[in-house]
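Listed below are the residues making up each chain.
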Amino acid sequence: MAFPEIHKKLFIGGEWVESESGERFEVTSPGDGSIIGTCAKGTAKDVQAAIEAAREGQKALAKLSVMRRAEMLHDAARIANRRAEEDSTLLCREVGKTIREARDEVKVYSNPHFIEAAEGLKRLRGLVHPSTQEDSNNKRILVTHEPVGVVGVISPWNWPNDIPNIAASHGLAAANSLIFKPASTTPFSAIALAEIYEEAGFPAGSVNVITGPGDVVGEELVSNPGTNAISFTGETVTGERLTRIAGIKRLLLELGGNGPLVVMDDADLDAAVEATITGCFYLAGQVCTASERVLVHHAIHDVFVEKLVARTRLVKMGNPLHEDTDMGPLNNPANARKVQAHIDDARARGGRFLTGGGSNGLYFEPTVVDGVTSDFLMARDETFGPVAPIMTFGTVDEAIEIANETPYGLQGAAFTRSLKTAFALAEGIRCGTVHINESNNYWDQLAPFGGMKKSGLGRELSDWVFGELTETKQITIDLSRS
Ligand code: NDP
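The structure contained in this document is the topic of the report that follows. (Residues numbered from 1 in each chain as written. Predicted model: local features only at pLDDT ≥ 70, side-chain atom pairs only at ≥ 80, totals over all residues. Heavy atoms only, no water.)

## A look at helix H1 (residues 44–63)
Consideration 1: Across its 20 residues, H1 extends 29 Å between first and last C-alpha, which sits within 8% of the 28 Å expected from 1.5 Å per residue.
Consideration 2: When we look at burial in H1, the residues that qualify are Asp46, Val47, Ala50, Ile51, Ala53, Ala54, Gly57, Gln58 and Leu61. (Helix = DSSP H or I, 4+ residues; strand = E, 2+ residues; numbered from the N terminus. Expected span 1.5 Å × (residues − 1). Buried < 20%, exposed > 50% of the residue type's maximum accessible area, 1.4 Å probe, protein only.)

## Regarding the side chain of Thr89
Consideration 1: Positionally, Thr89 belongs in helix H3 (residues 84–95).
Consideration 2: When residues no more than four places from it in sequence are discounted, the contact partners of Thr89 are Phe3, Ile99 and Leu321. (Contact = heavy atoms within 4.5 Å.)

## Brief notes about the sheet that holds strand E25 (residues 470–478)
Consideration 1: Taken together, three strands build an open sheet; the order of strands is E6-E7-E25 and the sheet is antiparallel. Each end of this open sheet is capped by a strand with a single partner; those strands are strand E6 (127–129) and E25. Recorded for the sheet is a direction-independent mean angle of 30° between the axes of neighbouring strands.
Consideration 2: Bridge count between strand E7 (residues 139–147) and E25: nine bridges; the pairing is antiparallel. Directly across from Arg140, in E25, lies its bridge partner Ile477. (Pairing = 2+ DSSP bridges. Axes fitted to C-alpha atoms, helices over the stretch in contact; angles between N-to-C directions.)

## Points about the site of the ligand
Consideration 1: Ser155, Ser184, Thr238, Leu255 and Glu382 are the nearest of the 29 residues found near the ligand.
Consideration 2: Taking Lys181, its side chain carries an N or O atom lying 2.9 Å from an oxygen atom of the ligand.
Consideration 3: Within the side chain of Glu219, an N or O atom sits 2.8 Å from a nitrogen atom of the ligand.
Consideration 4: Counting residues per element, the shell around the ligand draws most heavily on helix H7 (residues 214–223), at three residues.
Consideration 5: Taken together, the residues of the shell around the ligand break down into 14 nonpolar, 10 polar and five charged.
Consideration 6: Taken together, domain 1 (6–255 + 455–474) and domain 2 (259–445) each give at least three residues to the shell around the ligand, which thus spans both. (Near = heavy atom within 4 Å. Polar contact = N/O pair within 3.5 Å; in protein donor to acceptor, adjacent residues only side chain to side chain. Nonpolar A, V, L, I, M, F, W, Y, C, P; charged D, E, K, R; others polar. Domains from an automatic or database assignment.)

## So, the packing of H1 against H7
Consideration 1: In contact at an axis separation of 8 Å, H1 and H7 are set at 40° when each is read in the N-to-C sense. Where H1 crosses over H7, the handedness of that crossing is right-handed. Counted together, Ala44, Val47 and Gln48 of H1 and Val216, Val217, Glu220 and Leu221 of H7 form the full contact between these two elements.
Consideration 2: Split by residue class, the contact of H1 with H7 holds five nonpolar, one polar and one charged. (Left-handed = near helix turned anticlockwise from the far one by under 90°.)

## Considerations on the sheet that holds strand E4 (residues 24–28)
Consideration 1: Taken in spatial order, the three strands of this open sheet run E1-E5-E4, and their pairing is mixed. One side of each edge strand has no neighbouring strand; the edge strands of this open sheet are strand E1 (6–8) and E4. The average undirected angle you get between the axes of adjacent strands in this sheet is 20°.
Consideration 2: Of the pairings in the sheet, the one linking E4 to strand E5 (residues 35–40) comprises five bridges and is antiparallel in character. The residue of E5 that forms the bridge with Glu26 is Thr38.
Consideration 3: Across the face of the sheet, helix H6 (residues 188–199) comes into contact with E1, E4 and E5 while running at roughly 60° to E5.

## Focus: the pairing of E5
Consideration 1: Most of E5 sits out of view: five of its six residues are buried.
Consideration 2: Taken together, the three bridges between E1 and E5 define a ladder with parallel strand orientation. The residue of E5 that forms the bridge with Ile6 is Gly37.
Consideration 3: Hairpin connection of E4 to E5: six residues between the antiparallel strands, including Gly33 at a positive phi of 75°.

## As for the pairing of strand E8 (residues 150–154)
Consideration 1: For E8, the buried fraction is high: five of the five residues fall into the buried class.
Consideration 2: Residues Val150, Gly152 and Ile154 point to one face of E8 and Val151 and Val153 to the other, with burial holding for every one of them.
Consideration 3: Inspection of the sheet shows E8 paired to strand E9 (residues 177–181) by five bridges, in the parallel sense. Among the inter-strand pairings, Ile154 is bridged to a residue of E9, identified as Lys181.
Consideration 4: In this region the chain leaves E8, passes through helix H5 (residues 162–173) and returns to the parallel neighbour E9; the handedness of that crossover is right-handed.
Consideration 5: Across four bridges, the pairing between E8 and strand E11 (residues 229–233) is parallel. Looking at E11, one finds that Val151 is bridged to Ala229. (Right-handed = clockwise from strand over helix to strand, strands pointing away.)

Right, dumping it as C-alpha cells:
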C-alpha cells in the first residue's frame, strides 16, 4: 500500500512554523526503507522561541479551572480515539513495530493517559499539617502543589506516542506547559499528540514541538535555564550527559535496562516460556523493560530450553504492517550495529546459538543463545534486540547475585511456585519493579514505574508522575497575628 508523504512543521506558541534555519530532515520507514516524509530541523534559536512561548502558555493554562483542564483532557481522549487507527499505522511505519504492537501503544497505553491525568488531577490534594512549635494552636500549616513551569519532554524512538504522553498529559493536567522533542527517527507520533492537544483547546504556547537533532535541540532544552523540568527517556549514556548540563532543575530520567528473568526449578515452565517470548521478542526486543538475560535453574535447563526454542521458531518475522506478523525490524542502523556486535561477541565467546542468529538489513531473527556467562556483552549491557541469552544458576542467592551484577535496575521478573522464594527474589533483585510469574514486559498504568541504579531517577505513571511535575509548597499562617 502506498502512503502519501507527510511534511510537518515546528509548533511554537500555537503556530505551525518552519525552523528559523529553513532546514528539514527526512524520515524513513524501517519496514521497507520508504520515505514517510520530512520534518523541520529545529535549532537552538527555535528552542529559545518555544521556551518563551511556553512561559506565556503556562500562565494561560494555570488560569483555567481544574474542571476545565480535566474537560480538555477528556476531549483530547475523544479526539485521540477517533484518530487512533490512523496514528497506529503511522507509528507502525515510523518505528517498525508491528501493527498490533502499534495499536497496543496507542489504544491500550497512550490514549488512556488523557483520562488518567484528568481523573488524577481531581485527586491532586494538599495537606493540613500539625505544627511542632510552642504556640502550635495558633499555627496552621498548609501543603499545596504548584506546577513546576515549563517542562521539556525528550522521548525515544521505541514508544514515541505513549512515553511522551505520560509526562504530557499529567504535566498539562497540573498546569505545566510543554515542549516536545521527539526522537529523530520517529518524530510524527509526538507531532500527532500536539495536534490532539491543539484540537482539544489547550491554550497557545502550552504545547510546543521542536523536532531536530538531540545534540542541538535536546541539549538546548536541557541546558537552558528557562526550562524548569526535563522528562527524559532514552539511553543511560545520554541521561548521564543530561545530568551534567542541566544545572539545577527537576530531572525525571527513564533510562536503559538489562532486565533479568529468573526461572526457578519449581516454575510453571510453559508460562515461563511464554513470558520469555514476550520479554525477549516483543517489539524485536527494543524495550527498556525487556528480558535481556534469562536465568534458568540448572535442574530444569534442558527442558526449558527445548520448549523455548520450539516456541521461538513459531515467532513470525516480517512486514510490520501485516496483521499476522509477530515481529518487525529493528528501528535504525545504529541499533542494528549494537545488536550485531553483541551477537558477534557471543559467538566469539562460545555462546551456543540454538535458533536464529542471522539478519538481513534491519531484520534480525528471533535468537536463543545458550551458555551465556557474566562476561558476555549481552549479559553486561543492554542489547536492545530479539535475543534470549540463557544463563544458569543453582541457588536463589546465586540468581539474585547474577540478576544484580549489572549497573541497571529497571524491571526484573521471576517464575516460581514458592511464596518464600518469590519474596526472596522480589526483595533481593535491585530493580524498580519485580514481577512474579509475569513477563518483564508487563506494565500497569496506575502503578509507579521507574528505575534504580543507572536505569533512572524518579517514578512515573498516573499519580506518581505528579510528584515529579509539581512543586510542593508549605504555607504557614499564624492566626494570633491575623
Ligand atoms: P537516546 O538516548 O539516543 O535518545 C533519546 C532522546 O534523546 C531522543 O529524542 C534523542 O534525539 C535525544 N537526545 C540524544 N542526544 C541528546 C543530547 N545530547 N541531549 C538531549 N537530548 C538528546 O535513546 P534512544 O532513542 O536510542 O532510545 C532507546 C533507549 O531508551 C534505550 O536505552 C531504552 O532502554 C531507553 N528507554 C527507557 C525507557 C524507560 O522507561 N526506562 C523506556 C523506553 C526506552 P535524537 O533522536 O535526535 O538523537
